[in-house]
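Working through the structure, step by step
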Amino acid sequence: MRTWCGSLNLSYRGKDVLLKGWVQRVRDLGSLVFADIRDRTGLVQVVGGRELARLRPEWVVEVRGTVREREAKNPNLPTGDVEVEVKEIRVLNPSRTPPFPISDEIEVSEEVRLRFRYIDLRRPKMQRNLLLRHRMSMAVRKFLDSQGFVEIETPILTRSTPEGARDFLVPSRNYPGRFYALPQSPQLFKQILMISGFERYFQFARCFRDEDLRADRQPEFTQIDLEMSFVEEEDVMRVAEGLMREAFSVAGIELEPPFPVMSYREAMERYGTDSPDLRIPYEIKDLSGFGPGGNRIVGQALEAGGRLLGMKVPGGLSRREIETLEERVKSAGAKGLLWMKRSEKGFSGSLRGEEAWRERIAEALSLGEGDLALFMAGIGVEKFMGFLRQAVAELKKIELEGFKALWIVDFPLFERDEEGRLASNHHPFTSPKEEDLSILEEEPLKVRARAYDLVLNGVEIGGGSIRIHRSQVQRRVLRLLGVEESKFSFLLKALDYGAPPHGGIAFGFDRMVMMAAGEESIRDVIAFPKTTSALCLFTGAPSGVAPEQLEELKIKIIS
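Sequence order sets the numbering: in each chain, residues are counted from 1 along the sequence as written. Reporting of local features is limited, given that this is a predicted model, to residues whose pLDDT is at least 70; pairs of side-chain atoms are given and counted only at 80 or more, and all residues count toward the totals for whole chains, interfaces and linings. For side-chain calculations, the full set of non-hydrogen atoms in the structure is used, while hydrogens and water are omitted.

With that settled, consider the overall build of the protein chain. Each helix corresponds to a stretch of at least 4 residues labelled H or I by DSSP, and each strand to a stretch of at least 2 residues labelled E; elements are numbered beginning at the N terminus. Scanning the protein chain for helices and strands turns up 14 helices and 22 strands. Dimensions of the protein chain along its principal axes, counting C-alpha atoms only, are 90 × 75 × 55 Å. Type-normalised accessible area, obtained with a 1.4 Å probe on protein chains alone, sets the label of each residue: buried when under 20%, exposed when over 50%, and partly exposed for intermediate values. Taken across its 559 residues, the protein chain has 47% of its residues classed as buried. Whether two residues are in contact is decided by their heavy atoms: any pair within 4.5 Å suffices. Within the protein chain, counting contacts between residues at least 6 apart in sequence, those at least 24 apart form 66% of the total. Computed by Shrake-Rupley with a 1.4 Å probe, the accessible areas treat only the displayed protein chains as cover when residues are assessed. For the protein chain, the exposed area adds up to about 28500 Å²; of that, 49% sits on carbon and sulfur atoms. Positive charges come from Lys and Arg, negative ones from Asp and Glu, while His and the chain ends are left out of the count. A charge is said to be at NZ when it belongs to Lys, at CZ for Arg, at CG for Asp and at CD for Glu. Computed over 82 positive and 85 negative side-chain charges, the separation of the two mean positions in the protein chain equals 4 Å.

Pasting the structure below:
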């Protein structure tokens, strides 16, 4: 019977074992030859004669031998107390020289790593990450099963629906000119399952979005998808907190529910973003109430309906650092940055104005000697202040340790898109708050959604909502969005057949594993990811197809 390399220790001393794995390295000392043999559980040293000298890195071998205690132990290796004296070795398959060593300390481009992904996945870090992903998924399944959830698969080939990104389309050979769409999420199917009486559903759903290229987005990804009947927001949030606690505990990370709850408006006011990292110690304050104070820039901003926002930076920054910040916020789209520093001589900086006015602002920000205050004035400067908050933390190299989670609630139901049309903030099936239904048509931008996002260390890790379960309300929302009812006739009909109140949430599983593993890219926790330009370097996808395939599908490519 095979013995795993990583399991060997002194309890195996004197026992015969059978190892199977890859050669990590060979050390030829003449009369004695040492080799490290690796499998997915770890690495162990074997020792023998000249029969080992012919081995090369990444050859696949089978070793029979006896475990003995090492004379020179390796405290840095879990199996460092023992070695295997080789009795027989068999080469199962030789290997070409790999393009890079199987080590976590390698310096090789991501392009090469992805092109030779089968080699890259042999590295200890990548093996740890994917095994962690497996253990987290098992913990989630076990927890949801204990909470009465049923795992149900929903279709991959479905119809196109408006969910905020472009669909990947799949042509139908049997119905020329008609297309399936790969799902952006299982949203409508999971709502139908609630109408079907299953009450608690989940799945690890594969989702597909043909989005514009971003640094850390994938065109296909995995989400943990939940839906529950007869629930309010708090019910979904409690289950979600338990799920997060169980999943992250696998990585030794403690998340203690209940998580704090903050309104969308408060998050934007205090942090300039709806996904704040609470580990960053800076807060934004609205100083508009103090008036222009003789400052022309502030006066013009307030007169135009804008605001004056400020943020305290304890200990201050150098002039060069302030200039760097100003360059960064301008590159993000802001018009500029104002600043003021308090010293024993008074105030200095670009925020000019009446001395009493500056004193009142300093008091509002609790500005002490040597502290700096940064300001922006204008319409919509909240998001730039949020960007600035993050930039200051990076510049000051603030140690962001631990994990802080919070819920963001009371989002606006609608927003304006780039063309000024009404659009869903989340998706068209999110329920408005009952008390806001009376202003749905008259003041849609003031309507609040029964939506909730879970944010962990400044990353939106999951989002969901209570859904619309009455067809007449769903019709009103679709009309406001300018969506034809015929596109969702199947849903509207189903809602009329006893649809229970229901809600759910979806978690970005790739992001969860990335954070639990301490990685900075989701590509390091996905077995076969695409590049930032949506290419699979390993297989060469996307690729062209034969002309006869296109002809069979009645498709013509126009260059």
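Having seen the model, we can carry on.
Whether a set of points on the 1 Å grid over the protein atoms alone is a cavity depends on a 1.4 Å probe fitting there but being unable to get out, while an open set qualifies as a pocket with protein on both sides within 12 Å along at least five of seven lines; lining residues are those with an atom within 4 Å of a point. Grid points are joined across faces, edges and corners, and a volume is the space filled by probe spheres set on the points. Quantified by volume, the second largest pocket comes out at close to 800 Å³. If you trace the second largest pocket, you find 18 residues lining it, with Tyr 264, Met 268, Pro 412, Glu 415 and Asn 425 closest to the centre. Secondary structure elements with two or more residues in the lining of the second largest pocket: helix 6 (264-271), helix 10 (382-395) and strand 18 (414-416). Of the residues forming the lining of the second largest pocket, the biggest block, four residues, is contributed by helix 6. Each residue gets one of three labels, nonpolar for Ala, Val, Leu, Ile, Met, Phe, Trp, Tyr, Cys and Pro, charged for Asp, Glu, Lys and Arg, and polar for the others, Gly among them. Among the residues forming the lining of the second largest pocket, the class breakdown is five nonpolar, three polar and ten charged.

Here the focus is the packing of aromatic side chains. Aromatic pairing here means that ring centres of Phe, Tyr or Trp (its six-membered ring) are within 6.5 Å. Orientation follows from the plane angle: under 30 degrees is stacked, over 60 is edge-to-face, and everything else is tilted. Enumeration according to the criterion identifies eight aromatic pairs in this entry. With a centroid separation of 6.1 Å and an interplanar angle of 85°, the aromatic rings of Trp 407 and Tyr 452 are classed as edge-to-face. Taken together, the residues Trp 407 in strand 17 (residues 405-409) and Tyr 452 in strand 20 (residues 451-456) connect sequence positions 45 residues apart. Accessibility assignment for this pair places Trp 407 and Tyr 452 in one class, buried. Between Phe 429 and Phe 488 the ring centres are 5.3 Å apart and the planes differ by 75°, which places this aromatic pair in the edge-to-face class. Placement of the pair is Phe 429 in the loop between strand 19 (422-424) and strand 20 and Phe 488 in the loop between helix 11 (471-481) and helix 12 (489-495), with a sequence separation of 59 residues. When sorted by exposure, Phe 429 lands in the same class as Phe 488, which is buried. Each residue in the set Phe 116, Tyr 118, Phe 528 and Phe 538 is aromatic and connected to the rest through ring pairs, giving one cluster.

Turning our attention to the pairing of strand 16 (residues 372-378). With respect to burial, strand 16 is a largely interior element, six of its seven residues being buried. Following DSSP output, two strands are said to pair if at least two bridges run between them. In the sheet, strand 14 (residues 338-343) pairs with strand 16 via four bridges, with the strands oriented antiparallel. From the neighbouring strand, Trp 339 faces strand 16, where its bridge partner is Leu 374.

Quick look at the pattern of salt bridges now. We define a salt bridge as a contact between a side-chain nitrogen of Lys or Arg and a carboxyl oxygen of Asp or Glu at a distance within 4 Å. Under the criterion given, the structure shown has 58 salt bridges. For the salt bridge of Asp 524 with Lys 125, the shortest nitrogen-to-oxygen distance reads 3.7 Å. With a gap of 399 residues between them, Asp 524 in the loop between helix 13 (509-517) and helix 14 (547-552) and Lys 125 in helix 3 (residues 124-146) connect regions that are remote in the sequence. The partner of Arg 320 in a salt bridge is Glu 323, and the shortest N-O contact between them spans 3.1 Å. Of this pair, Arg 320 and Glu 323 are both found in helix 8 (residues 319-331), three residues apart, which corresponds to roughly one turn of the helix. Put simply, Asp 104, Arg 113, Arg 117, Asp 120, Arg 123, Lys 125, Arg 128, Glu 519 and Asp 524 are held in one network by salt bridges that share partners.

Before going further, it helps to examine the environment of Leu 157. Counting through the fold element by element, Leu 157 comes out in the loop between strand 6 (150-151) and strand 7 (169-171). For the pair Leu 157 and Leu 169, spaced twelve residues apart in sequence, the C-alpha to C-alpha distance is 9.2 Å. Not counting residues within four places of it along the chain, the set of residues in contact with Leu 157 comprises Val 170, Tyr 180, Ala 181 and Leu 182.

One open sheet accounts for eight strands, arranged 6-9-10-22-21-20-17-11; its pairing is mixed. Across the chains shown, the open sheet's two edge strands, defined by having one partner strand only, are strand 6 and strand 11 (261-263). Pairing analysis gives five bridges linking strand 21 (residues 459-466) to strand 22 (residues 502-508), with the strands arranged antiparallel. Paired with Gly 464 across the strands is Ile 505, a residue of strand 22.

A cluster of nonpolar side chains, contributed by Tyr 118, Phe 528 and Phe 538, occupies part of the molecular surface with about 320 Å² of accessible area. Along the polypeptide, Phe 528 turns up in the loop between helix 13 and helix 14. Taking the relative accessible area as the measure of exposure, Phe 528 reaches 48% and is therefore partly exposed. Think of a patch as exposed residues, more than 30% relative accessible area, with no salt bridge, where like charges cluster within 9 Å and nonpolar side chains (Val, Leu, Ile, Met, Phe, Trp, Tyr) cluster within 5 Å.

Attention shifts here to the pairing of strand 14. Pairing between strand 14 and strand 15 (residues 346-348): three bridges, direction antiparallel. Its bridge partner being in strand 15, Ser 343 is matched across the sheet by Gly 346. Counting the residues in the hairpin turn of strand 14 and strand 15 gives two residues.

With that settled, the discussion passes to the packing of helix 3 against helix 5 (residues 233-249). Convention adopted: a line fitted to C-alpha atoms gives each axis, helices being fitted over their contacting stretch, and angles between N-to-C directions are expressed from 0 to 180 degrees. Two numbers describe how helix 3 lies on helix 5: the axes approach to 8 Å, and their chain directions differ by 145°. Judged by the twist between their axes, the crossing of helix 3 over helix 5 is right-handed. Contacts between helix 3 and helix 5 involve Met 136, Ala 139, Val 140, Phe 143 and Leu 144 on the former and, on the latter, Val 239, Gly 242, Leu 243, Arg 245, Glu 246 and Ala 247. Of the residues that constitute the contact of helix 3 with helix 5, the class distribution is eight nonpolar, one polar and two charged. Two helices that cross are described as forming a left-handed crossing if the nearer one is turned anticlockwise from the farther one by less than a right angle, and a right-handed crossing if clockwise.

Once that is clear, we can look at the nonpolar core. The nonpolar core is taken to be a set of buried Ala, Val, Leu, Ile, Met, Phe, Trp, Tyr and Cys residues, with the residues joined through side-chain atoms within 4.5 Å. Core analysis: the largest hydrophobic core is formed by 42 residues, its most contacted members being Leu 144, Ile 224, Leu 226, Phe 248, Phe 507 and Met 512. A per-element tally of this core places helix 5 first, with eight residues. Look past the residues within four positions of Phe 507 in its chain and what remains in contact with it is Thr 222, Gln 223, Ile 224, Leu 226, Ala 240, Leu 243, Met 244, Leu 454, Ile 461, Gly 462 and Met 512.

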